[in-house]
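Descriptive structure summary
Residue-level listing of the chains:
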Amino acid sequence: MVARKDPKALYELAPGTPGLAGVVLLHQLEGFMDAGGAGRLAGEHLLDQFDHRLVASFDVDRLIDYRSRRPAMTFDKDHYEHYEDPALDLHLLTDGEGKRFLLLDGLEPDREWELFAAAVRTLIDHFDVRLTVGMHGIPMGIPHTRPLGITAHATNPDLVDTTDQPVLDRLQVPSSAASLLEYRLGEWGYDAAGFAVHVPHYLASSLYPQAAIRLLRAVSEATGLVLPDTELRDAARRASEDIERQVQESSEVEDVVRALERQYDAFNATEGRKNLLSDTDGRMPTADELAAEFERFLADQDADPPNS
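The written sequence of each chain sets the order in which its residues are numbered from 1. Owing to the predicted nature of the model, reporting of local features is limited to residues with pLDDT of at least 70; listing and counting of side-chain atom pairs is limited to 80 or more, with chain, interface and lining totals taken over all residues. The side-chain figures draw on all heavy atoms in the structure; neither hydrogens nor water molecules are used.

An unreviewed UniProt entry lists the protein under the name PAC2 family protein, from Catenulispora subtropica.

Printed below as a string of structure tokens:
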């Protein structure tokens, strides 16, 4: 008989953690799919801009495969000077109007996903979380010159606005610790949601602040949190200038962007069709095609990680 593991043994609460009631828990886990670094940038922005304190830390030695994701070390002449400790931490933050919320930020677990989900459940109970929300980016065949779309999903359809959602067929995609967490929370009767911002596929391996801005807006609308994004907008403006310069310097890139613009505009001009995933004939991509696109993106990420 297999011994039952204690999910609370997977993390350590910080001393003097405060009591909370009805808070929101946001999460972004690095390691799976995050086109444009959307979730990563959103998480970094929240920690940079708002007062926060550490309330719980996960045991990454149990969760991370160091051989597949080796932490960086700094070697200086004749000695090792610095080690970038991998982390998966839960922070307590205060938004722009003094409302407290939680952010689970760090590396996606490589193992013990079920125990990890159960551990997050115990933290949800401990801090009386009313809603759990995930954030990340996915690559799409859209131009950077048009508004970014977003795919929302939830354990309860009333939790998110799906008015402008693409109509997708039933399909299979690679799973992640974050998607399993949302799925299990739904099974356990908890409210959970997630937002995937659509990032132009040719920018998927770069940091794209515009995607983080779109994510935070969706989170704000769903949760009522006030999340200013001024610093991200400054970064987005610089990114846009750099992208436009590169487009102007390459006729091939410009041709791709203009073709995507025509496709995007044609979709939106067709009354009643809001699906930006189909091709010019209105054909929906198959599950295999979408899964293949995701796999190609992950392979690109492994081969050429985004610049920080």
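For strand β8 (residues 129-140), a buried count of 10 out of 12 residues is recorded, marking the element as mostly surrounded by other parts of the structure. By this definition, two strands are paired if DSSP reports at least two bridges between them. To qualify as a helix, a DSSP run of H or I must reach at least 4 residues; to qualify as a strand, a run of E must reach at least 2; elements of each kind are numbered from the N terminus. Direction of pairing for strand β2 (residues 23-30) relative to β8: parallel, over a ladder of five bridges. Residue pairing for β8: Leu25 is matched across the bridge by Thr132. Burial status follows relative accessibility: with a 1.4 Å probe on protein chains alone, a residue under 20% of its type maximum counts as buried, one over 50% as exposed, and anything between as partly exposed.

Let's shift gears to the sheet that holds strand β6 (residues 88-94). Read from one edge to the other, the open sheet built from eight strands follows the order β1-β3-β6-β7-β2-β8-β10-β9, with strand pairing classed as mixed. With one partner strand each, in any of the chains shown, β1 (11-13) and β9 (150-154) form the two edges of the open sheet. The sheet shows a mean angle of 25° between the axes of neighbouring strands, taken without regard to direction. Direction of pairing for β8 relative to strand β10 (residues 192-200): parallel, over a ladder of nine bridges. Considered in β10, the bridge of Met140 is made with Pro200. When checking whether two residues touch, look at their non-hydrogen atoms; a contact exists if any pair is within 4.5 Å. All axes here are fitted lines through C-alpha atoms, helices being fitted over the stretch that makes contact, and every angle between N-to-C directions spans 0 to 180 degrees. The strands touched by helix α1 (residues 38-49) are β2, β3 (52-58), β6, β7 (100-107), β8 and β10; relative to β7, the strand with the most contacts, the crossing angle is about 130°.

Now for the packing of aromatic side chains. The geometry of an aromatic ring pair is captured by two quantities: the separation of the ring centres and the angle between the planes. Stacked, tilted and edge-to-face are the three classes assigned to paired rings of Phe, Tyr and Trp, where Trp is represented by its six-membered ring and a pair needs centres within 6.5 Å; plane angles under 30 degrees give stacked, over 60 edge-to-face, the rest tilted. Counted by the stated rule, this structure contains four aromatic pairs. A ring pair is formed by Phe58 and Phe116, whose centres lie 5.3 Å apart and whose planes are at 55°; its orientation type is tilted. With Phe58 in strand β3 and Phe116 in helix α3 (residues 113-126), the pair connects residues that are 58 residues apart, well separated along the chain. The two residues Phe58 and Phe116 agree in class, both being buried. Taken together, the ring pairs connect Tyr11, Phe58 and Phe116 into an aromatic cluster.

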